[in-house]
Amino acid sequence: MRHILIIGIGAGNPEHITVQAINALNRADVLFIPTKGANKAELAEVRREICARYVTRGDSRTVEFAVPIRRTEGRSYGESVDEWHAGIAATYEDLLQHELREGQSGAFLVWGDPMLYDSTIRIVERVRARGRVAIDFEVVPGITSLQALCASHRIPLNLVGKPVEITTGRRLAESFPAKSETAVVMLDGEQAFQEIDDPDAEIYWGAYLGTPDEIVISGRLADVKEDILNARAQARARMGWIMDIYLLRKGADFDE
Ligand SMILES: C[S@@+](CC[C@H](N)C(=O)[O-])C[C@H]1O[C@@H](n2cnc3c(N)ncnc32)[C@H](O)[C@@H]1O
């Protein structure tokens, strides 16, 4: 049996890492670092920095691997993700068979927390179900980009006693403001907030949270929409990539 540690490493600041995560990193014989092409080089760099800073045992090693690209052409969203996950599962299987020996432990360093818009857990489950390599696994939680966003804006996530919806740009129109007073939007390549036309909506936006390039903007959506679009476009052009998240809110504590 090989043991897999799925470790949340926080959302960009190497100081997000928990003591539990540091201890887990030091239990791993092999640390797997995904590389996603040049524009995500910074994300691999944060993982390398975390290993360099916190791994104190001298006998472990890091193995970098390329994550397969998701193909979308001629496929539904579901088909495209399923095919992509199958490809990543095959990559993991290969890594586990060839880079880890029986009885050893390997760690996957997951951005933020593994339970939030991340498929490492489901892909490791796939590998286990395929049965070609015997594994068990554990999950170590991390600081999410959602927590980093609320901390940088110094806001609570929810209104008093009210629910919160976490969604993607693709599905925002279904939720806010009709269904949720607070919606958090991740994975939004289209800046779906542009389509929200509500004079009372407020936005708390953040990009590259936890990194030296962090940008945050907040205010009444109608007032700051253009500022966010401009800041986002400029940052993306400067950096070559962007990761952003935002919270939309309507109403106040104690509103009925
Ligand atoms: C695949 S999801 C991974 C989420 C991650 N597991 C977490 O716990 O935050 C990637 C999305 O998370 C958000 N994100 C992650 N890190 C971020 C950061 N440092 N700044 C802003 N948004 C971030 C963005 O919405 C991005 O599109």
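Worth saying up front: this structure is predicted, and the values here are computed from it rather than measured.

Undergrad: Would you explain the sheet that holds strand β9 (residues 215–220) in this entry?
TA: Neighbouring strands of a sheet are bound in pairs by backbone hydrogen bonds; such pairs are parallel or else antiparallel. Here five strands make up an open sheet; going across it, the order is β6-β7-β10-β8-β9 and the pairing mixed. The sheet is open, and its two borders are formed by β6 (165–168) and β9, each paired with just one other strand. Strand-to-strand twist in this sheet, taken as the mean axis angle between neighbours without regard to direction, amounts to 15 degrees. Alignment of strand β7 (residues 182–186) against strand β10 (residues 244–249), held across four bridges, turns out to be antiparallel. Bridging across to β10, Ala-183 finds its partner in Leu-248.

Undergrad: How do you make sense of the site of the ligand when you look at a structure like this?
TA: Around the ligand sit 16 residues in total, of which Ala-11, Asp-113, Leu-116, Ser-145 and Asp-244 are the nearest. The separation between a nitrogen atom of the ligand and a polar main-chain atom of Ala-11 is 2.6 Å. Taking 570 Å² as the accessible area of the ligand by itself, protein coverage stands at 90%. By residue class, the composition of the shell around the ligand is ten nonpolar, four polar and two charged. Both of domain 1 (2–143) and domain 2 (146–249) provide at least three residues apiece to the shell around the ligand.

Undergrad: I keep staring at the domain arrangement of the chain and nothing clicks. Help me out?
TA: Where interface size is quoted, it is often the accessible area lost as the parts come together. Assigned domains of the chain: these are domain 1 (2–143) and domain 2 (146–249). A straight line from the C-alpha centre of domain 1 to that of domain 2 covers 27 Å. In this complex, domain 1 contributes 14 residues to the contact, which on the side of domain 2 involves 15 residues. Summed over both partners, the interface of domain 1 with domain 2 comes to about 1,200 Å²; 69% of that surface belongs to carbon and sulfur atoms. Joining domain 1 to domain 2, the criterion identifies zero salt bridges. At the surface where domain 1 touches domain 2, the tally comes to one residue pair in polar contact (both at pLDDT 80 or more). Here the residues of the side of domain 1 that touches domain 2 sort into seven nonpolar, five polar and two charged.

Undergrad: Would you explain a nonpolar patch on the surface in this entry?
TA: A cluster of nonpolar side chains, contributed by Tyr-117, Val-164, Ile-166 and Leu-187, occupies part of the molecular surface with about 350 Å² of accessible area. Tracing the backbone through its elements, the reader meets Val-164 in the loop between α5 (145–153) and β6.

Undergrad: Help me understand unusual backbone geometry, please; the structure alone is not making it clear to me.
TA: Among all residues except glycine, the phi angle is most often negative; among peptide bonds, the trans geometry is most common. The omega angle of the peptide bond from Phe-176 to Pro-177 is 0 degrees, so this bond is cis rather than trans. Relative to the elements of secondary structure, Pro-177 occurs in the loop between α6 (172–175) and β7. Of note, the phi angle at Leu-187 is positive, near 50 degrees, even though the residue is not glycine. Tracing the backbone through its elements, the reader meets Leu-187 in the loop between β7 and β8 (202–207). Residue Gln-191 is not a glycine yet carries a positive backbone phi of 50 degrees. With respect to the helices and strands, the residue Gln-191 is situated in the loop between β7 and β8.

What counts, and at which threshold
Residues numbered from 1 in each chain as written. Predicted model: local features only at pLDDT ≥ 70, side-chain atom pairs only at ≥ 80, totals over all residues. Heavy atoms only, no water. Pairing = 2+ DSSP bridges. Helix = DSSP H or I, 4+ residues; strand = E, 2+ residues; numbered from the N terminus. Axes fitted to C-alpha atoms, helices over the stretch in contact; angles between N-to-C directions. Near = heavy atom within 4 Å. Polar contact = N/O pair within 3.5 Å; in protein donor to acceptor, adjacent residues only side chain to side chain. Areas by Shrake-Rupley, 256 points an atom, 1.4 Å probe, with all protein chains shown as cover. Nonpolar A, V, L, I, M, F, W, Y, C, P; charged D, E, K, R; others polar. Domains from an automatic or database assignment. Contact = heavy atoms within 4.5 Å. Buried area = accessible area lost by both parts, 1.4 Å probe. Salt bridge = Lys/Arg side-chain N within 4 Å of Asp/Glu carboxyl O. Patch = residues over 30% accessible without salt bridge, like charges linked within 9 Å, V, L, I, M, F, W, Y side chains within 5 Å.

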